[in-house]
Amino acid sequence: MSKRLILASKSASRRAMLDAARVAYESIPADIDERAVEAELQGAAPAEVAEALAVAKAAAVAALHPEALVLGSDSLVVAAGRRFDKPRSAEEAAEHLRFFSGKVMELHSAAALVRAAGCEWSHASIARLHVRELSEEFIAHYLALEWPAISHTVGAFRIEGPGVQLFDAIEGDQFTVLGMPLLPLLAALREEGVLIA
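Bear in mind that the values here come from a model prediction, so they are computed numbers and not experimental data. (Residues numbered from 1 in each chain as written. Predicted model: local features only at pLDDT ≥ 70, side-chain atom pairs only at ≥ 80, totals over all residues. Heavy atoms only, no water.)

### What to know about unusual backbone geometry
Thought 1: Between Trp-147 and the following residue, Pro-148, the backbone shows a cis peptide bond with an omega angle of 10°.
Thought 2: With respect to the helices, strands and loops of the structure, Pro-148 is situated in the loop between α5 (136-146) and β7 (167-171).
Thought 3: Backbone geometry at Arg-22 places phi at a positive 60°, although glycine is not the residue there.
Thought 4: Checked against the element boundaries, Arg-22 lands in the loop between α1 (12-20) and β2 (26-27).
Thought 5: Residue class for Arg-22 comes out exposed when judged on its relative accessible area of 71%. (Helix = DSSP H or I, 4+ residues; strand = E, 2+ residues; numbered from the N terminus. Buried < 20%, exposed > 50% of the residue type's maximum accessible area, 1.4 Å probe, protein only.)

### Focus on the pairing of strand β5 (residues 104-115)
Thought 1: Judged by how many residues are buried, β5 sits mostly within the fold: 10 of 12 residues are covered.
Thought 2: Hairpin connection from β5 to strand β6 (residues 118-131): two residues lie between these consecutive antiparallel strands. (Pairing = 2+ DSSP bridges.)

### What to know about the pattern of salt bridges
A side chain with one charge may pair with a side chain of the opposite charge, provided their charged atoms come close.
Thought 1: Within the structure shown, the criterion is met by 14 salt bridges.
Thought 2: The partner of Arg-115 in a salt bridge is Glu-192, and the shortest N-O contact between them spans 3.2 Å. Taken together, the residues Arg-115 in strand β5 and Glu-192 in the segment after α7 (182-191) connect sequence positions 77 residues apart. A single burial state applies to Arg-115 and to Glu-192, both of which are buried.
Thought 3: Where salt bridges share partners, they join Glu-34, Arg-35, Glu-38, Lys-57, Asp-74, Arg-83 and Asp-85 into one cluster. (Salt bridge = Lys/Arg side-chain N within 4 Å of Asp/Glu carboxyl O.)

### Some thoughts on the nonpolar core
Thought 1: Core analysis: the largest hydrophobic core is formed by 25 residues, its most contacted members being Leu-97 and Phe-157.
Thought 2: Listing elements by their share of this core, those giving two or more residues are β3 (69-79), α4 (90-100), β5, β6 and α5.
Thought 3: Once residues within four sequence positions are removed from consideration, Phe-157 is found in contact with Met-105, Leu-107, Leu-129, Tyr-142, Ile-150, Gly-163, Leu-166, Phe-167 and Val-177.
Thought 4: In terms of nonpolar packing, the next biggest core, distinct from the first, is built from 19 residues, Leu-18, Val-23, Leu-71 and Leu-182 among them. (Core = buried A, V, L, I, M, F, W, Y, C linked by side-chain atoms within 4.5 Å. Contact = heavy atoms within 4.5 Å.)

### Some remarks on the side chain of Ser-9
Thought 1: Mapped onto the fold, Ser-9 is located in the loop between β1 (5-7) and α1.
Thought 2: Ser-9 gets classed as buried once you look at its relative accessible area, which sits at 9%.
Thought 3: Here Ser-11 takes part through its backbone nitrogen, which lies 2.9 Å from a polar atom of the side chain of Ser-9.
Thought 4: Ignoring anything within four residues of it in the chain, the contact list for Ser-9 reads Arg-14, Ser-27, Ile-28, Pro-29 and Ala-30. (Polar contact = N/O pair within 3.5 Å; in protein donor to acceptor, adjacent residues only side chain to side chain.)

### Some points on the environment of Leu-134
Thought 1: Tracing the backbone shows Leu-134 in the loop between β6 and α5.
Thought 2: As for Leu-134 and Thr-176, which are separated by 42 residues in sequence, their C-alpha atoms are 23 Å apart.
Thought 3: Setting aside anything within four residues of it in sequence, one finds Leu-134 in contact with Leu-97, Ser-101, Ile-139 and Leu-166.

### A short note on α7
Thought 1: Those residues of α7 not exposed but buried are Leu-182, Leu-185, Leu-186, Ala-188 and Leu-189. Along the axis of α7, the buried residues cluster in a sector spanning 160°; they form a single face. Exposed and oriented more than 90 degrees from the buried face of α7 are Leu-183 and Glu-191. (Arc of directions from axis to C-beta.)

### Section: the packing of aromatic side chains
Aromatic ring pairs are described here by two measures, namely the spacing of the ring centres and the angle between the planes.
Thought 1: Scanning all chains against the criterion turns up four aromatic pairs.
Thought 2: Seen in terms of ring centroids, Phe-84 and Phe-100 are 4.7 Å apart; in terms of plane orientation they differ by 65°. Their pairing is edge-to-face. With Phe-84 in strand β4 (residues 82-84) and Phe-100 in helix α4, the pair connects residues that are 16 residues apart, well separated along the chain. Phe-100 carries the same exposure label as Phe-84, and that label is buried.
Thought 3: These aromatic residues form a ring-pair network of at least three members: Phe-84, Phe-99 and Phe-100.
Thought 4: Over the ring of Phe-99 we find Arg-82; its NZ or CZ atom is 4.8 Å from the centre of that ring.
Thought 5: Of note, Arg-132 hangs over the ring of Phe-138, and the distance from its end group to the ring centre comes to 4.4 Å. (Phe/Tyr/Trp six-rings, centres within 6.5 Å; stacked < 30°, edge-to-face > 60°. Lys NZ or Arg CZ within 6 Å of the ring centre and 35° of its normal.)

This is how it looks when you write it as structure tokens:
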């Protein structure tokens, strides 16, 4: 069984997590229509959607590299019952931040391991981030610092940067907040023989 691991993502934070854990992998971003996958899952729980997207990304790359084990991952944000996608502009990011202000943001992060034959493992976890009351002055200052770097993030923040200033409290592990449930993933990689048990 091949121990070659491919990360189906170009996410800097996911690569940094794997690098820090000394997991050997290569990165080949998946090219899928995320909206089409989501459309098939109308009414599904956020964790199910995140997991389905993680599987779809991994499966797309696994189809091209059938000898490898492919890791897909996805995150999505829900606040006050509303799902949020990545902001398409600084103005939309400001709208998202105004909506999040004073609310609890639920961040669902999922990962999946797929071979050509199908999904070997998947897992979703949740973190609850308590957003403090954000002033218009803060939002403007924050976006001047962080746009466009946060354009590829759901929730319009990088917790490892100035985004940490958005929150009063966080429930959940740091890896979920960074976008991938790393500890369950590492256990799965040991099971798959990619890592030493």
